[in-house]
Amino acid sequence: MPAEVRMVLYEDDSVQVQYADGSKLQLSPCGSEFLFEKSPPVSAHPLEQPERIRQRTHFVISTYREQLQRALDFRNSSAIRPFLSENIIPSERKKHIFIDISEVRWPSLDADDSMICLESGTVKITSLDGHAYLCLPRSQHEFTVHFLCKVSQKPELSVVLSAQKDKLVEKTGKTYTFGNLSRQRLKNKENELYCHIMKSKEPLKRMSYVNGTEGKEKLPSPGTKYTCVYTWIKQHWSVAACPEEWKYPLSLALRFHTKVSNMSKIDAHITQSRILTSVSEERGKEVSVLPRALSLSCPVPHLHRWNFCNSLLQKQSDEEEYSYPELVKVVWYKGVTYRLTHQNMNSIEIYPGDGSIFKSEGAHLGNYFTYCSIQEGAEEREEKTYSVNNLPPDRPGSLFSVCSLIKQATRILQHCAKMRLSLSHNYCVCCWKMVSGINESNILPLRLKESLIPNVGRFLAYSDDKVHVIFLDGISLTLNWNFSSSIEKRQVNQGLTLGLCKLTFPDGQDQLIQIEHPGPYERYVTTVISWCRRLTQTNPREMPTHPSSSVEENWCVASELEKIQKFNLLLENSGVLNQISNKKNELSSDHYKPRSTETLLEEVNEKGVSVALKKTSEILQDIDCLLSNSKK
């Protein structure tokens, strides 16, 4: 069976896997369907399409079972909602439990009995009911969380269970969590809850574990056949981008870490400030709602998108692996994990696998990477800074290549920056988000403002904070600008949500430009930013429809000055001035009578100079007219 070379998890929780033999596997965002693309044989014609197998995940055949299981484990390790098919999960990983576990309760801030520190320096926080625990390593950059999750069910059964739960809440007249037991009853019934018995084949809608009239728990008899199948889920998350349900236990782990770790004063100060902020924000949130598994089948399979690569380009650059039109969340490549966050700007963390970490710094595709490593048995951590433009050579005997890791991370960041600046990215609809009602980020953006500025171009602002400008010379520019925050509390360019903009040339080629250093494209960038500032000062929905006069004036002045510069350049390179000076020298050497400059010009190139002077006069008249109109 071929081994995985690369696994990519996108922002919509879809997965792409590339194997050593060239075959590929694609997993739908909901996980209920997969597509396996076999590698074409060596003797195959270049235009021959590879063989593709598309199946439901729940009914996968034995040929692809192990590969699909590893792809699902990779997806569930960082997915918002896991997909758990009972037919694929090994029997030793299944747990048959009598109750429905939907949430867990964590220890209070003052209780340390459920917190332990391992020999490696990892802090472990366990929930009071034992259904979840969190592990924070000594480096405090990422953490892992383990929790029990019910396997995926059929859509109709999930609807029945949720309806029963709503009825129980209405009958009791108070908020009640289905199947939530107190700590004492959990201790008394611990053996019964984890009994391994065969699952009943009868419908789950006949289950009734709660007395709805009194709102009290009622456990079934030990000989009953009604059980729920659970499995342990292990997820990896970055401390800098912690999901909402794990913020409270993470704050407990950070707080407890200061009591048991021997850190330097600087590290202790930095960690302590982060702990106080986290604990103050998460105080009173001891209960975490566990992520629920998705349904076995997707009600909207027509939304599944499959990326078919061209066989002619299959063996070209690695950028093809990120051609899927979606932001990247996690990449696993030859044992190295790349984890990205897209909150304020695109940032990436690299985990080579030896406990160290590379973290991007800077808003422009990560100009710098900081390296942090804690040696076993050492109290101090090793920190280095690498520049993307000056990477060190590979050292013999090193476990990994710093140059290769950072270059791979830069390619991923470039793909994410292009996706954030793409106008078609937000039109993608995710299947499981449509079904579960999480549709806030997939609403089609509205056009808030449109301005047609003469002699400049067409300016458009959208509700998803995208600004798209089409100039008259055929160049278009796209950038992200936050119109929601007030401009009084910000700096000049604080509305920029990304330090990059995308230029699209008339031939269709794209180029990412740093907004702070646009180079020869400064005129385009400054014009768009000036328009965005004026739009931010006034509500975009109340912005008048007349074009901005200052943008037009600045653009026209810059355009006319550019014409004058081109004229001067043409005049210097045309040789007219040199011919005039040579003619003067010849006349003086031959002792002729000196003649006027006008006579010399007529002899050299009277027609060319007259045309040039006429154009210059027209340009100066246009500038005078423009300045006179601006004063009015």
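So, here is what we can say about the structure in this document. Predicted, not measured: the structure shown is a model, and the values here were computed from it.

Across its full length, the protein chain carries 12 helices and 27 strands. Counting only residues that meet the buried cut, the protein chain has 44% of its 632 residues in that class. Counted over contacts in the protein chain with a minimum sequence separation of 6, partners at least 24 positions apart contribute 61%. Counting only carbon and sulfur atoms, one obtains 51% of the accessible surface of the protein chain, whose full area is about 34,200 Å².

A separate point is the side chain of aspartate 129. Looking at the secondary structure, you find aspartate 129 in the loop between β9 (123-126) and β10 (132-136). Within the buried core, aspartate 129 has no salt-bridge partner, and the shortest N-O distance to an opposite charge, that of arginine 105, equals 7.7 Å. Within the structure, the side chain of aspartate 129 is placed 2.8 Å from the side chain of serine 127, a separation counted as a polar contact. One polar contact links the side chain of aspartate 129 to the main-chain amide nitrogen of histidine 131, over a distance of 3.2 Å.

This brings us to the packing of aromatic side chains. Evaluation of the coordinates by the stated rule reveals 14 aromatic pairs. For the pair phenylalanine 36 and tyrosine 64, a centre-to-centre distance of 4.8 Å together with 40 degrees between the ring planes defines the contact as tilted. Placement of the pair is phenylalanine 36 in strand β4 (residues 33-37) and tyrosine 64 in the loop between β5 (52-56) and α1 (65-76), with a sequence separation of 28 residues. Each member of the pair phenylalanine 36 and tyrosine 64 is classed as buried. Measuring from centroid to centroid gives 5.8 Å for phenylalanine 358 and phenylalanine 400, while their planes differ by 85 degrees, and the two rings are edge-to-face. With phenylalanine 358 in strand β19 (residues 357-361) and phenylalanine 400 in the loop between β21 (381-387) and α7 (402-420), this residue pair connects regions lying 42 residues apart in the sequence. You'll find phenylalanine 358 and phenylalanine 400 in the same group, each marked buried. A cation over a ring is seen here: arginine 523 above tyrosine 524, with NZ or CZ 5.3 Å from the ring centre.

Looking now at the nonpolar core. The nonpolar side chains of a soluble globular protein tend to be buried, and buried together. In terms of nonpolar packing, the biggest core is built from 37 residues, with Trp106, Leu136, Phe143 and Trp246 touching the most fellow members. Elements with a minimum of two residues in this core: β9, β10, β11 (142-150), β14 (228-238) and α5 (247-260). Membership of the second largest hydrophobic core comes to 29 residues, among which are Phe358, Tyr386, Phe400 and Met419.

The phi angle at glutamine 140 is positive, at roughly 60 degrees, despite the residue not being glycine. Here glutamine 140 shows up in the loop between β10 and β11. Judged by relative accessible area, glutamine 140 falls into the buried class, the value being 3%. The phi dihedral of lysine 334 is positive, around 55 degrees, even though this residue is not glycine. Mapped onto the elements, lysine 334 comes out in the loop between β16 (328-333) and β17 (336-341).

Right, let's get into the pattern of salt bridges. Enumeration according to the criterion identifies 15 salt bridges in this entry. Here arginine 54 ties to glutamate 33 by a salt bridge, and the two come within 2.5 Å at their closest N and O atoms. Of this pair, arginine 54 sits in strand β5 while glutamate 33 sits in strand β4, placing them 21 residues apart in sequence. Under the relative-accessibility criterion, arginine 54 is labelled partly exposed at 45%. Overall, the relative accessible area of 10% leaves glutamate 33 in the buried class. The structure contains a network of salt bridges with shared partners spanning Asp12, Arg305 and Glu326.

Glancing now at the sheet that holds β19. Read across the sheet, 11 strands follow the order β5-β4-β3-β2-β1-β16-β17-β18-β19-β20-β21 without closing on themselves; strand pairing throughout is antiparallel. A single partner strand is all that each edge strand has here, and the edge strands are β5 and β21. Ignoring which end each strand starts from, the neighbouring axes of this sheet average 15 degrees apart. Across 7 bridges, strand β20 (residues 368-374) lies against β21 in antiparallel orientation. When the sheet's bridge partners are listed, cysteine 372 is paired in β21 with glutamate 383. Helix-sheet contacts for α7 involve β1 (4-10), β16, β17, β18 (347-351), β19, β20 and β21, and the interaxial angle to β17 is about 35 degrees.

The rules behind each value
Residues numbered from 1 in each chain as written. Predicted model: local features only at pLDDT ≥ 70, side-chain atom pairs only at ≥ 80, totals over all residues. Heavy atoms only, no water. Helix = DSSP H or I, 4+ residues; strand = E, 2+ residues; numbered from the N terminus. Buried < 20%, exposed > 50% of the residue type's maximum accessible area, 1.4 Å probe, protein only. Contact = heavy atoms within 4.5 Å. Areas by Shrake-Rupley, 256 points an atom, 1.4 Å probe, with all protein chains shown as cover. Lys, Arg positive; Asp, Glu negative; His and termini not counted. Salt bridge = Lys/Arg side-chain N within 4 Å of Asp/Glu carboxyl O. Polar contact = N/O pair within 3.5 Å; in protein donor to acceptor, adjacent residues only side chain to side chain. Phe/Tyr/Trp six-rings, centres within 6.5 Å; stacked < 30°, edge-to-face > 60°. Lys NZ or Arg CZ within 6 Å of the ring centre and 35° of its normal. Core = buried A, V, L, I, M, F, W, Y, C linked by side-chain atoms within 4.5 Å. Pairing = 2+ DSSP bridges. Axes fitted to C-alpha atoms, helices over the stretch in contact; angles between N-to-C directions.

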